[in-house]
Amino acid sequence: NAIKMLFIVDMSGSNIAVGHNPGTDLPGQRFDVIENFMSQPCANQNPNNKFAVIGFSMSTYGAQCNHTIYGTPAQVTAQLATLRNIQTAAAPDPVNEQTMTETFYATAFQCAQGIVDDDVKNTPEPQKENTGYMVYFLTDGVPTDKLTPAGDSDIPAVESLIGPILDDMVTNGNLAAG
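In what follows, the accompanying structure is described. What you are looking at is a predicted structure, and each value in this text was computed from that prediction instead of being measured.

Side note on the overall build of the protein
Alright, step 1. Scanning the protein from terminus to terminus reveals 7 helices and 4 strands.
Alright, step 2. Along the protein, helices (α) and strands (β) appear in the sequence β-α-α-β-β-α-α-α-α-β-α when read from the amino end.
Alright, step 3. Scored against the burial criterion, the 178 residues of the protein give a buried share of 41%.
Alright, step 4. As displayed, the protein has an accessible area near 9000 Å², and 57% of this comes from carbon and sulfur atoms.

Laid out in structure tokens, this is it:
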């Protein structure tokens, strides 16, 4: 049996001290939690278990969204270091800071769907029925996806977009489990 865990981490500016915003999390706290989990015996107990992490704000960071990226805890720790560097570089840089001001849920979930779909497609049939998928979503706020003509945040529109993606992920997980 195998479990494949995907962590989706909000990297928008509200999480870190950017400009006049003090941030909602201690520096790096979201990454620390995942890194701590990767160091636990349960994460390393089954060599068939695989993990991945992607960051998001206005776009996604640290992953190609249509390719399988699952790896070992050590590989996820390296992915976390990359995401930390991206976020750290954005904080003092006024140009990059502007690219991390949004919390686009739809972008994150579309990326997650692409990763899971690709993995299900590329997992050999005998292994599919013994593979479970888990997605953990770490955020501090509401979506800021601009889905209305006026550019306002439209939470119901985001929910209507994300709902089918989550349903597809559940369906694919159930198909993989047999």
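Still to come is the rest of the account.
Points about the pattern of salt bridges
Alright, step 1. What the rule picks out here adds up to 5 salt bridges.
Alright, step 2. The partner of Lys 128 in a salt bridge is Glu 125, with the nearest N and O atoms 3.2 Å apart. With Lys 128 and Glu 125 both in helix H6 (residues 125-128) and 3 residues apart, this pair spans about one turn of that helix.
Alright, step 3. When its relative accessible area of 14% is taken as the criterion, Lys 128 is described as buried.
Alright, step 4. For Glu 125, a relative accessible area of 56% translates into the label exposed.

Some details on helix H5 (residues 105-122)
Alright, step 1. The first and last C-alpha atoms of H5 sit 26 Å apart over 18 residues, in line with the 26 Å expected at 1.5 Å per residue.
Alright, step 2. Here H5 lies mainly inside the structure; 13 of its 18 residues are buried.

Let's talk about the packing of aromatic side chains
Alright, step 1. Tallied over the entire structure, the rule returns 8 aromatic pairs.
Alright, step 2. One aromatic cluster is present, formed by Phe 7, Phe 37, Phe 51 and Tyr 136 through successive ring pairs.

Quick notes on a nonpolar patch on the surface
Alright, step 1. Residues Ile 3, Met 134 and Tyr 136 make up a contiguous nonpolar surface patch of roughly 230 Å² in combined accessible area.
Alright, step 2. Within the secondary structure, Met 134 sits in strand S4 (residues 131-138).

So, helix H3 (residues 73-90)
Alright, step 1. Between its first and last C-alpha, H3 extends 26 Å over 18 residues, near the 26 Å set by a 1.5 Å rise per residue.
Alright, step 2. Taken together, the buried positions of H3 are Pro 73, Val 76, Gln 79, Leu 80, Leu 83, Gln 87 and Ala 90. Taken end-on, H3 shows its buried residues confined to a sector of 110 degrees, consistent with a single buried face. Structural note: H3 exposes Ala 74, Asn 85 and Thr 88 on the side pointing more than 90 degrees away from its buried face.

Overview of the environment of His 67
Alright, step 1. Mapped onto the elements of the fold, His 67 is located in the loop between strand S3 (60-61) and H3.
Alright, step 2. Judged by relative accessible area, which is 36%, His 67 ranks as partly exposed.
Alright, step 3. Residues His 67 and Asp 117 lie 50 residues apart in sequence; the distance between their C-alpha atoms is 8.6 Å.
Alright, step 4. Dropping the residues within four chain positions of it, His 67 is found in contact with Ile 115 and Asp 118.

Conventions we followed
Residues numbered from 1 in each chain as written. Predicted model: local features only at pLDDT ≥ 70, side-chain atom pairs only at ≥ 80, totals over all residues. Heavy atoms only, no water. Helix = DSSP H or I, 4+ residues; strand = E, 2+ residues; numbered from the N terminus. Buried < 20%, exposed > 50% of the residue type's maximum accessible area, 1.4 Å probe, protein only. Areas by Shrake-Rupley, 256 points an atom, 1.4 Å probe, with all protein chains shown as cover. Salt bridge = Lys/Arg side-chain N within 4 Å of Asp/Glu carboxyl O. Expected span 1.5 Å × (residues − 1). Phe/Tyr/Trp six-rings, centres within 6.5 Å; stacked < 30°, edge-to-face > 60°. Patch = residues over 30% accessible without salt bridge, like charges linked within 9 Å, V, L, I, M, F, W, Y side chains within 5 Å. Arc of directions from axis to C-beta. Contact = heavy atoms within 4.5 Å.

Remember that the coordinates give geometry; whether it matters functionally is a separate question.
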